[in-house]
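What the coordinates show
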Amino acid sequence: MARYVFVLALAAVLLLGIATISRSKGRGGKDPPRAPRIPSQFSQEERVTMKESLKGAIQIPTVSFNPGEHNTTALAEFGQYIRKVFPTVFKTSFIQHEVVGDYSHLFTVQGSDPSLQPYMLLAHIDVVPAPDQGWEVPPFSGSERDGFIYGRGTLDNKNSVMAILQGLELLMIRNYIPRRSFFIALGHDEEVLGTDGALKISALLQARGVQLAFIVDEGSFIVDGFSPILNKPFAVVSVSEKGALNLMLQVNMTPGHSSAPPEETSIGILAAAVSQLERTPLPNMFGSEPLETMLQQLATELSFPASIVFSNLWLFGPLVSRLMERNYITNALVRTTTAVTMFKSGIKVNVIPSVAQATVNFRIHPAQTVQEVLELVKNIVADDRVQFHVLSASKPLPVSPSDDQALGYQLIRQTLQSVFPEVSVAPGICIAQTDSRHYANLTTGIYRFNPVYLNPQDFRGIHGINEKISVQSYEAQVKFIFEFIQNADTDQKPVSHQHEL
């Protein structure tokens, strides 16, 4: 190991001496941001209104429990709430509003130039359950404390719902007329697969013959403090998202009395199988896209030594790969992850159970397939007594383009440079799943990004406790939408791309 470290250190010195050849191949300095036609400057009254509107949205418990099982009273209330707080959007003649699947919302904003291909902004209304235990404030209070708004949905994903509509409302108040048409789709069941919301909106648009230049949905963030290698914040614009495999492992045995137990019980056999899965991570896929492109682009923005390391992954790849594995978040970027989420067995303390079941959730790396992961899992368990039942599966989505001709990606990048000039931008992978997968039939350019700073503590609040967003971050998100809609009114024509796999 010492020899390996010495060789890497020597190589770093040599590479520094030759000024890192590969750095010159990266994308150069940042493009100067183009000033929007209407400045993103909001009055104190408008800033208070946008903050209070978000707090009111958080107070409506639009919880999704299971597919088809929602707090429908809250969802209906939310539909009335957005009408109340965004009156200009609803009364503007060139904005059409439709309710789809009873509780999802589709807005069609008709632009003045029909030659420009439309795009779509996505977000979702529903949230996961939030028991009161462990929260500093009630999870649906929308309380403000020390410059933060607390509550379920402040990061996932009512902040995006409200920021999109708030940005549009402010533009309409200023009599802005967009050139490029666009859609806003707000699903009501994203947290439980999105089959009644996003999927139905997608089918509706497809039946109308709509094809989109690009889509922007939730996903990655402006990340800060996730890795000691990265010495500055950077925006990860996810150009792909992982697939998923929900697999039930089951062991069947003859039941019996606990006073005369067999050598192994169904619970013991299954526990050993699950333990083996947890102790045997699936293969590290470091070096595949889009992670390698992300690191190479960041190399041009970072200072020594990170710039040297990321510019020369042919040498430092094994070291970077090992470092990423050590952090549970960056580890999810380099492999298919394994999470045991449910375990069920037993009916009575003195009965040997006949059945033991465990459910394991795998998030599949874009470089792998569902079938590959299933075969790997069977080989790891290597026990014929364990049965495997696929409960649900979805493949990873193709990689959307992020080159200079990728309209959606470049518009995000341009707007980021204006609103967050201190932030570097790079393509990445969304480790979760989003509603955007239901719209893959409408465009090849799908980008998942929340223009909000996120640190490791904030990340733990998503689907956890004490989820919160700073008032300043939410204002910046509204500003991002306000400028993005204007930036999208460019004459640039979308370029046809083939997906990379």
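Below, the structure is looked at part by part. Being a predicted model, the structure only gives us computed values, none of them experimental.

Re the side chain of Asp217
Relative to the helices and strands, Asp217 is located in strand β9 (residues 215-223). Of the buried charged residues, Asp217 lacks a salt bridge, with Arg448 as the closest side chain of opposite charge at 6.2 Å. At 3.1 Å, the side chain of Asp217 forms a polar contact with the backbone nitrogen of Ser436. Excluding its chain neighbours within four sequence positions, the residues that come into contact with Asp217 are Leu122, Ala123, Thr434, Asp435, Ser436, Tyr447, Arg448 and Phe449.

A few points about helix α10 (residues 313-325)
For α10, spanning 13 residues, the distance from its first C-alpha to its last is only 16 Å, which falls clearly below the expected 18 Å at 1.5 Å a residue. Largest kink in α10: about 30 degrees, centred on Leu319.

Some words on the pairing of strand β8 (residues 182-187)
Among the six residues of β8, six are classified as buried, and the element is accordingly described as predominantly covered. Of the two faces of β8, the one lined by Phe182, Ile184 and Leu186 and the one lined by Phe183, Ala185 and Gly187 are each fully buried. In the sheet, strand β4 (residues 104-109) pairs with β8 via five bridges, with the strands oriented antiparallel. When the bridges of β8 are listed, Leu106 appears paired with Ala185.

Quick look at the nonpolar core
Core analysis: the biggest nonpolar cluster contains 96 residues, and Met162, Leu168, Phe214, Phe310, Ile412, Leu416 and Phe484 have the highest contact counts within it. Listed in part, the 21 residues of the second largest apolar core include Leu249, Leu270, Phe362 and Leu374.

Examining helix α12 (residues 370-381)
Across its twelve residues, α12 extends 17 Å between first and last C-alpha, which sits within 8% of the 16 Å expected from 1.5 Å per residue. If you check which residues of α12 are buried, you get Val373, Leu374, Val377, Ile380 and Val381. Buried residues of α12, seen end-on, are gathered within an arc of 125 degrees and therefore sit on one face of the element. Looking at the buried residues of α12, the elements they touch are β11 (243-252), α7 (266-279), β15 (355-364) and β16 (387-394). Backbone geometry just after α12 places Ala382 at a positive phi near 50 degrees.

As for the pattern of salt bridges
On inspection of all chains with the given rule, the structure shows 17 salt bridges. Between Asp489 and Arg37 there is a salt bridge, with its nearest N and O atoms 3.3 Å apart. With Asp489 in the segment after α15 (471-487) and Arg37 in the loop between α1 (2-17) and α2 (44-58), this residue pair connects regions lying 452 residues apart in the sequence. Between Asp113 and Arg179 there is a salt bridge whose closest N-O contact spans 3.0 Å. In this pair, Asp113 is assigned in the loop between β4 and β5 (119-124) and Arg179 in the loop between α5 (158-173) and β8, connecting sequence segments 66 residues apart.

Reading the values: rules and limits
- Residues numbered from 1 in each chain as written.
- Predicted model: local features only at pLDDT ≥ 70, side-chain atom pairs only at ≥ 80, totals over all residues.
- Heavy atoms only, no water.
- Helix = DSSP H or I, 4+ residues; strand = E, 2+ residues; numbered from the N terminus.
- Buried < 20%, exposed > 50% of the residue type's maximum accessible area, 1.4 Å probe, protein only.
- Lys, Arg positive; Asp, Glu negative; His and termini not counted.
- Salt bridge = Lys/Arg side-chain N within 4 Å of Asp/Glu carboxyl O.
- Polar contact = N/O pair within 3.5 Å; in protein donor to acceptor, adjacent residues only side chain to side chain.
- Contact = heavy atoms within 4.5 Å.
- Expected span 1.5 Å × (residues − 1).
- Bend = angle between axes of the 7 residues up to and from the residue.
- Pairing = 2+ DSSP bridges.
- Core = buried A, V, L, I, M, F, W, Y, C linked by side-chain atoms within 4.5 Å.
- Arc of directions from axis to C-beta.

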